[in-house]
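So the chains spell out like this:
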Amino acid sequence: MNEVETMPASLEVTREARLKWLMQQYGEKIFHLVSLTVKNHALADDITQNVFIKAYRHLDQFRGDGQIKHWLYKIAMNESKKHFRSWSFRNIFPTMDDHLGDLMDRQANNQVEEEILNRVKREEIVTYIQSLAPKYRQVILLHYYEDLSIAEVAEILSVSQEVVRTRLHRARKQLKKTMSKEVKG
């Protein structure tokens, strides 16, 4: 799938028009990524809003070195990290929102039996992914859910490619261990 990565020249006139274009192009993807990262629909709304506020404030600072999507993902991951460092995260445990299940069901097959089985499998996978530590959950979501390369994930998270590989390896190992416990238990 070829995504539009450059804003049309006509939108470069006002910052507001550029922001609107960014929100239309990437708003839903950023929300889904943040939602899966922080595991809370309402909080994901707030963080997504902060991502676009920050992008708006710093539009002039985007150098165009990479894709604008990656720049937005980096802002989203940094805002999510901020949440994990915050007092509220350390002292209040958010619960999983039903929105995640609904989001993943959009692509389900119309056949009832198949749809139910697919939903159960997806919910289990989401549960397993959300049981991971935030640093592992981030690399899994960016690499597999957003289909980004290891180099792109490293750039977004501001870590080396080796760190991304290590985190992916550890995350997969933890997922495999958790899933095998579920099967045995």
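For every chain, the first residue of the written sequence is number 1, and numbering continues from 1 onward in sequence order. Per-residue local features of the predicted model are confined to residues with pLDDT of at least 70, and side-chain atom pairs are confined, for both listing and counting, to 80 or more; whole-chain, interface and lining totals are unaffected and use all residues. For the side-chain quantities, the full set of heavy atoms in the structure was used; hydrogens and water were omitted.

Caption draft 1: Region of interest: the environment of Glu-124. Helical segments are the DSSP runs of H or I of at least four residues, strand segments are the runs of E of at least two, and each set is numbered from the N terminus. Note that Glu-124 resides in helix α6 (residues 112-130). On the accessibility criterion, Glu-124 (39% relative accessible area) is partly exposed. Residues Glu-124 and Met-179 lie 55 residues apart in sequence; the distance between their C-alpha atoms is 9.0 Å. Burial classes: relative accessible area under 20% of the type maximum marks a residue as buried, over 50% as exposed, and values in between as partly exposed (1.4 Å probe, protein chains only).

Caption draft 2: Geometry of the packing of helix α3 (residues 68-85) against helix α8 (residues 150-157). Axes, fitted as lines to C-alpha atoms, cover a helix only where it is in contact. Angles between the N-to-C directions of the axes lie from 0 to 180 degrees. Two elements in contact, α3 and α8, have axes separated by 8 Å at closest approach and are oriented at 55°. Relative to α8, α3 is oriented oblique. Seen from above, α3 lies across α8 with right-handed handedness. Where α3 approaches α8, its residues His-70, Tyr-73, Lys-74, Met-77 and Lys-81 are matched on the opposing element by Glu-152, Glu-155, Ile-156 and Leu-157. Gly is put with the polar residues, along with every residue not named as nonpolar or charged; the nonpolar set is Ala, Val, Leu, Ile, Met, Phe, Trp, Tyr, Cys and Pro, and the charged set is Asp, Glu, Lys and Arg. The residue inventory of the contact of α3 with α8, partitioned by class, reads four nonpolar, one polar and four charged. What sets the label is the angle itself: under 35 degrees gives roughly parallel, over 145 gives roughly antiparallel, 65 to 115 gives roughly perpendicular, and the rest give oblique. In this scheme the handedness of a crossing depends on how the near helix is turned from the far one: anticlockwise by less than a right angle means left-handed, clockwise means right-handed. Any pair of residues with heavy atoms lying within 4.5 Å of one another is described as a contacting pair.

Caption draft 3: Structural context of the pattern of salt bridges. Any carboxyl oxygen of Asp or Glu within 4 Å of a side-chain nitrogen of Lys or Arg constitutes a salt bridge here. All told, the structure shown has four salt bridges when counted by the stated rule. The partner of Glu-146 in a salt bridge is Lys-29, and the shortest N-O contact between them spans 3.2 Å. With Glu-146 in the loop between α7 (134-145) and α8 and Lys-29 in helix α1 (residues 15-38), this pair connects stretches of sequence that are 117 residues apart. Glu-79 is paired through a salt bridge with Lys-82; the nearest N and O atoms lie 3.2 Å apart. Taken together, the positions of Glu-79 and Lys-82, both in helix α3 and three residues apart, correspond to about one turn of that helix. Lys-82 sits in the partly exposed class, given a relative accessible area of 41%. Sharing partners across several salt bridges, the network here consists of Lys-54, Glu-79 and Lys-82.

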